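These are the residues of each chain, in order.
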Amino acid sequence: MDDPLETAKARTRILDAAEELFAGGGYDATPTARIAELAGVPKGLVFHYFPRKIDVLVSLVDERTLVTEEDVEAVPGDPAGTLSKLARMLPLRASPDMRRILFREADTHRSVRDRLGRLNAEIIRRSRFALELALPGSRGDAARLEAAAATFAAVLLYQESLCLLTGHHIDPDAVAELIAHALG
């Protein structure tokens, strides 16, 4: 497998398989041989890219939960619209399966818990910045903006888990409107 494109494809297939299997049955219940089988690669190739099974999980979490560095498009005077734009801009580059993995494995794997914490902090930072841009002169004080940003970040991060647990989908746009009204 000397072709760089084929190498990248094999590694991606391994991560795709691990994402599907970890989301379905959990990390601990997924043997490396099953990841290789689903990815259509020899088991040795999994260990070539990921020397230990935990390295698959760490790479998966780090690579598939990115918050991209894009400029926040704020509309002065429209915090709801600004937060809605931010929510669409921040798909967290994480599928519903990835979010399931994050929350399931955070209890037992420190690296996943740490990543979840960094992800939460980054979304809060972005949300607070968006609100500051949308509310020139900050109509709300710093503590209120921080609370609003943390609330919005929680909705973005936890909506998939809440939906799985309760069957109720939380609309980020409705939450953006609620936050904007509260900051009014």
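Residues numbered from 1 in each chain as written. Predicted model: local features only at pLDDT ≥ 70, side-chain atom pairs only at ≥ 80, totals over all residues. Heavy atoms only, no water.

Looking at an unreviewed UniProt entry, one finds the chain named HTH tetR-type domain-containing protein, with Planotetraspora mira as its source organism.

*Asks:* Looking at this structure, how should I read the overall build of the chain?
*Replies:* Helix and strand content of the chain: nine helices and zero strands. The helix and strand sequence of the chain, counted from the amino end, reads α-α-α-α-α-α-α-α-α. For the chain, the proportion of its 184 residues judged to be buried stands at 45%. A fraction of 70% describes how many contacts in the chain between residues 6 or more apart in sequence connect residues 24 or more apart. (Helix = DSSP H or I, 4+ residues; strand = E, 2+ residues; numbered from the N terminus. Buried < 20%, exposed > 50% of the residue type's maximum accessible area, 1.4 Å probe, protein only. Contact = heavy atoms within 4.5 Å.)

*Asks:* Is there a simple way to think about the UniProt feature "DNA-binding region" (unreviewed entry) in the chain in this case?
*Replies:* UniProt's feature table lists "DNA-binding region" (unreviewed entry) at residues 31-50, given in the numbering used throughout. Along residues 31-50, the helical share is 75% and the strand share 0%, with 14 Å between the first and last C-alpha atoms. (UniProt positions renumbered as here; feature names shortened; annotations may be inferred.)

*Asks:* Please explain the packing of helix H4 (residues 53-64) against helix H6 (residues 96-105) as it appears in this structure.
*Replies:* In a pair of packed helices, the angle between the axes and the distance between the axes together describe the arrangement. Contact geometry of H4 with H6 gives a least axis separation of 11 Å together with a crossing angle of 125 degrees. When the interaxial angle is binned, H4 and H6 end up oblique. Once H4 is placed against H6, the crossing between them reads as left-handed. Two secondary-structure elements touch here, H4 through Leu57, Leu60, Val61 and Arg64 and H6 through Met98, Ile101, Leu102 and Glu105. (Axes fitted to C-alpha atoms, helices over the stretch in contact; angles between N-to-C directions. Parallel < 35°, antiparallel > 145°, perpendicular 65-115°, else oblique. Left-handed = near helix turned anticlockwise from the far one by under 90°.)

*Asks:* Looking at this model, I keep getting lost on the packing of aromatic side chains. Mind explaining?
*Replies:* Describing an aromatic ring pair means giving the distance of the ring centres and the angle of the ring planes. According to the stated counting rule, one finds three aromatic pairs in the structure shown. Ring geometry for Phe103 and Tyr158: centres 4.8 Å apart, planes at 45 degrees, overall tilted. Of this pair, Phe103 sits in helix H6 while Tyr158 sits in helix H8 (residues 142-166), and the two are 55 residues apart along the sequence. Given the relative accessible area of 34%, Tyr158 is considered partly exposed. In this arrangement the basic side chain of Lys53 is found over the ring face of Tyr27, its NZ or CZ atom lying 4.4 Å from the centre. (Phe/Tyr/Trp six-rings, centres within 6.5 Å; stacked < 30°, edge-to-face > 60°. Lys NZ or Arg CZ within 6 Å of the ring centre and 35° of its normal.)

*Asks:* Would you mind showing me how to read helix H5 (residues 79-89) here?
*Replies:* Given 3.6 residues per helical turn, the α-helix brings residues three or four places apart onto the same face. Most of H5 is tucked away, with eight of its eleven residues classed as buried. The complete set of buried residues in H5 reads Pro79, Ala80, Thr82, Leu83, Ser84, Leu86, Ala87 and Met89.

*Asks:* Mind showing me how you'd approach the pattern of salt bridges here?
*Replies:* If charged atoms from side chains of opposite charge come close, those side chains can pair. Counted under the stated rule, the structure contains twelve salt bridges. Taking the shortest distance from any N to any O, the salt bridge between Asp16 and Arg64 comes out at 2.8 Å. With a gap of 48 residues between them, Asp16 in helix H1 (residues 4-25) and Arg64 in helix H4 connect regions that are remote in the sequence. For Asp16, a relative accessible area of 37% puts it in the partly exposed group. Classification of Arg64 as buried rests on a relative accessible area of 15%. The partner of Arg52 in a salt bridge is Asp55, and the shortest N-O contact between them spans 2.9 Å. Classification of Asp55 by relative accessible area gives buried; the value is 17%. Shared partners join several salt bridges into a network, and the residues in it are Asp16, Glu19 and Arg64. (Salt bridge = Lys/Arg side-chain N within 4 Å of Asp/Glu carboxyl O.)

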